[in-house]
Amino acid sequence: MITLRYIVRRVAYMLLTIYIAATLDFLLPRMVPGNPALIILITKYAGEFNPNQLKIIEGELNLRGTLWQQYVGYLGSIIHGNLGPSYYYYPESVTQIIITRLPWTLFLLGTAMIISVVIGVIIGSYSGWKRGYSDSFLQAFSIGLTSLPYFWLALIFQLVFAVMLVINGQHLFPVAQAYSINVHQGFNLRFIESVLHHAALPLITLIITTFPGFALLMRNTVVTVLDEDYLVLAKAKGLSINTIRKRYVNKNAMLPVSTSIALAFASIVGGAFLVEEVFSYPGIGYTLFTAVTVSDYPLIEGIFLVITLTVILANFAVDLIYAYLDPRVVLK
Amino acid sequence: MTSRDEDINSILKSSSQINRFKDFLKRLIHHRKGLAGIIIIASLVLIAIIGIFFAPYNPFSTNAAAFQPPSKSHILGTDYLGEDVLSWFLIGTGTSLMVGFSIAVLSAIIGVLVGVIAGYFGGQVDNVLMRVVDILLVIPGFPLLVILSAFLPPTLETTIFVLSILSWPFLSRVIRAQTLSLKQRQYILASKLSGLSGFKIISRDIIPNLIPIIFINAIFLAVGGVVAQAGLAFFGLGDLRSVNWGTMLYWFEAEDGIVFNAWWWLLPPGLGIVAFGIGANFLGNAVYELSQPLRSGKQ
């Protein structure tokens, strides 16, 4: 059950978090010496500019007036979805850049998360039910995998499957990018095929490092659920093993898994960013990497704000789904 | 109580603590996972020590040809500048471990203090601290690390500092929960009634009882620190001329090690991180199992 009070409180809390992230975005660049507007003009126009241009760019970057006026101006433009101009891609705006790149990241994150949860639930349920060898195998496997750095695994996959292995004179998977330059972007079969082919290695990397956490959690809750009294009743009623497993054990054991998705989101984002860097995948992770390399501060800040918002919204959605799935949960 | 009695008491107390610690170490060595964890981590420390004294080359010397596969003179081959990969790995292990341990110690101190204070004093203090923790846990960690590192000076110290101030929230929650349950015990009540101040109770009665939990969490903080520092370096942040596992991977990526099939350059730093993670997991699990009174001795 979800009360209105809960939603109001939760939304207020999300706004507070975003406000803090935005304030951090505002304060950090002002702690660094140098005039950012001059940096744009010097890098873009090689120092050949007139004072008016400087004023215009200072305005765009909210650098005019007292610190307080700048702060109010900055928060105002964020509310309007304006994240300022990018240094590197000037005059393109940070908002424009993020809008074109974010879908690629969401595609990677969403797909990897869904597949990881499904695999984790299936393997965890099996291992908790059977125990024995499959159980110890899962434990050893997940300990080994959770200490694997995402980006190192991505590099290994890239080296083996996109560079070393050649079958019929062709590499198994592409080394980089999100789709081949030979296909037409749009809703056609060749484009979709190319996108999936390019996404395969990044997705496999993310899934392999994410699903063991879910599997282990699922396994542990299955073991706990097996001790519950209602299972004794179900057995006493003479229900088939399959029915007990599907309707009594798995259904109940999946609930804690669904809450852990929210926490997993915050950590998989970092993994996705690094994997995007390895495969030059055109999402916001790769964009952030480029922005770091060329010191494009507004773009770095904008990406931080947008990804924070995305993660918070995803968590909120997961909580609502959880309350809907489990009638015992009261969010108030 | 006379001062002499106090001396005797303190001697008795410390000797019993040393004995308990020795006893615990003995049980840890006889524990299968504990022993495995100790051996793995000790080997990495040994590699780091070898790196300090016996690295075959100066890691920045570029006298050899670039991208040489492993050979007799360069056991792990050379990188894009002809630098010796083995020397980078040996020395880098020391730097990475040092970074991990520093982050573990610093963030454990913050996490324990915040958790104990929130749990023991409760009320408004608890409320404020836990709201801060909530917000830090919700904001995606890696982007926050990136933005802080991008604006601060690119040194190894900055990376340690940034990772330390962002790694403690989870530990503080664990410690807070433990403190809340300890607070209800009889002996804490006795200390309170005898008029001991809050900080004395925390330092004498509460923190010593949390040491196994703090230790386990610190181990995982060290692993998290090593991986996060490597990730940041890989993203081009921090001191990129520092020799460590992260910068090895950064230069591999930046200088197209992939194109040259330079597996000898890619494998060592990653395997180092994985070995550290597995060793820490074994050790952490062993300490956990041994510190559970009911299940102690389970192999």
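Bear in mind that the values here come from a model prediction, so they are computed numbers and not experimental data.

### A short note on the overall build of chain A
Regarding its fold elements, chain A presents twelve helices and two strands. Overall, chain A shows an N-to-C arrangement of helices and strands of α-α-α-α-α-α-α-β-β-α-α-α-α-α. Considered along the principal axes of its C-alpha atoms, chain A spans approximately 85 × 65 × 35 Å. By the burial criterion, 36% of the 332 residues in chain A qualify as buried. Considering only residue pairs separated by 6 or more positions, chain A has 71% of its internal contacts joining residues 24 or more positions apart.

### Some remarks on the overall build of chain B
Broken down by element type, chain B carries eleven helices and zero strands. In chain B, the succession of helices and strands from N to C terminus is α-α-α-α-α-α-α-α-α-α-α. Each principal axis of the C-alpha atoms in chain B carries an extent, and together these give about 75 × 40 × 35 Å. Here chain B holds 299 residues, and the buried ones make up 44% of them.

### A short note on the packing of helix α3 (residues 85–121) of chain B against helix α11 (residues 263–291) of chain B
All names here are of chain B. Contact geometry for α3 and α11: axes closest at 10 Å, N-to-C directions at 20 degrees. When the interaxial angle is binned, α3 and α11 end up roughly parallel. The element α3 and its partner α11 pack so that their crossing is right-handed. Together, V85, F89, G92, T93 and S96 of α3 and W264, W265, P268, P269 and G272 of α11 make up the contact between the two elements. Tallied by class, the residues present in the contact of α3 with α11 amount to six nonpolar, four polar and no charged.

### Quick word on the interface of chain A and chain B
Tallying the contact residues gives 41 residues for chain A and 32 residues for chain B. When residues of the side of chain A that touches chain B are traced back to their parent elements, those giving at least two are α1 (4–31), α6 (132–146), α7 (150–164), α10 (241–278), α11 (284–293) and α12 (297–325) of chain A. With nine residues, α12(A) is the largest single contributor of residues to the side of chain A that touches chain B. Residues of the side of chain A that touches chain B, tallied by class, amount to 30 nonpolar, nine polar and two charged.

### Examining the environment of A:H171
Residues and elements named next belong to chain A. For H171, the location among the structural elements is in strand β2 (residues 170–171). Under the C-beta neighbour-count criterion, H171 is labelled partly exposed, with 13 such atoms within 10 Å. Along the backbone, H171 and V121 are 50 residues apart, and their C-alpha atoms lie at a distance of 33 Å. Excluding anything up to four places from it in sequence, H171 contacts A162, V163 and V166.

### A look at the confidence of the model for chain B
All names here are of chain B. The predicted model of chain B averages 88 in pLDDT, with 92% of residues at 70 or higher. The least confident element of chain B, judged by mean pLDDT, is helix α1 (residues 3–30) at 72; the most confident is α3 at 95. Of the regions scoring below 50 in pLDDT, residues 295–299 engages in five contacts with residues more than four places distant in sequence or in other chains. If you check the scores for this complex, the pTM reads 0.87 and the ipTM reads 0.86.

### Comments concerning the environment of B:V162
Residues and elements named next belong to chain B. Locating V162 in the fold gives a position in helix α6 (residues 156–167). Sequence-wise, V162 and L152 are ten residues apart; in three dimensions their C-alpha atoms are separated by 9.2 Å. Contacts of V162, omitting those with residues within four sequence positions, involve L145, L148, S149 and L152.

### Observations regarding the nonpolar core
Of all hydrophobic cores here, the largest spans 148 residues; its most connected members are A:I300, A:I303 and B:V146. Discounting residues that sit within four places of it in the chain, A:I303 has contacts with A:I98, A:I284, A:T287, A:L288, A:A291 and B:P143.

### As for the confidence of the model for chain A
Scored by pLDDT, chain A has a mean of 85; 95% of the residues are at 70 or more. Per-residue pLDDT, averaged within each element of chain A, yields its smallest value for helix α2 (residues 36–45) of chain A (68) and its largest for α11(A) (93).

### Some words on the environment of B:I147
Counting through the fold element by element, B:I147 comes out in helix α5 (residues 141–151). Once the C-alpha coordinates of B:I147 and B:L237 are considered, the two residues, 90 residues apart in sequence, prove to be 9.8 Å apart. Setting aside residues no more than four positions away along its own chain, B:I147 makes contact with A:L28, A:I300, A:E301 and A:F304.

### Quick word on the packing of helix α7 (residues 169–183) of chain B against helix α9 (residues 198–234) of chain B
All names here are of chain B. Closest axis-to-axis distance for the α7/α9 pair is 11 Å, and the angle between their directions is 160 degrees. With respect to α9, the axis of α7 lies roughly antiparallel. Considering how the two elements wind past one another, α7 and α9 form a crossing that is right-handed. Each of L171, V174, I175, Q178, T179 and L182 in α7 lies in contact with α9, whose residues at this interface are I206, N209, L210, I213, N217 and L221. Among the residues making up the contact of α7 with α9, the classes are represented as eight nonpolar, four polar and no charged.

### Quick notes on unusual backbone geometry
Residue and element names in this part refer to chain B. One non-glycine residue, F67, adopts positive backbone phi at about 50 degrees. Along the chain, the position of F67 falls in the loop between α2 (32–54) and α3. Residue class for F67 comes out buried when judged on the 20 C-beta atoms lying within 10 Å of it. The phi angle at D256 is positive, at roughly 60 degrees, despite the residue not being glycine. Its location among the elements puts D256 in the loop between α10 (245–254) and α11.

### Here's the deal with helix α8 (residues 186–193) of chain B
Residue pairs spaced three or four apart in an α-helix point in one direction, given the helix's 3.6 residues per turn. Counting buried positions along α8(B) yields zero of eight residues, so the element is predominantly exposed. Looking one or two residues past α8(B), B:G195 carries a phi angle of roughly 90 degrees, positive in sign.

Quick notes on the rules
Residues numbered from 1 in each chain as written. Chains lettered and ligands numbered in written order. Predicted model: local features only at pLDDT ≥ 70, side-chain atom pairs only at ≥ 80, totals over all residues. Helix = DSSP H or I, 4+ residues; strand = E, 2+ residues; numbered from the N terminus. Buried ≥ 20, exposed ≤ 12 C-beta atoms within 10 Å, placed from the backbone. Contact = placed C-beta atoms within 7 Å. Axes fitted to C-alpha atoms, helices over the stretch in contact; angles between N-to-C directions. Parallel < 35°, antiparallel > 145°, perpendicular 65-115°, else oblique. Left-handed = near helix turned anticlockwise from the far one by under 90°. Nonpolar A, V, L, I, M, F, W, Y, C, P; charged D, E, K, R; others polar. pLDDT = per-residue confidence, 0-100. Core = buried A, V, L, I, M, F, W, Y, C linked by C-beta atoms within 7 Å.

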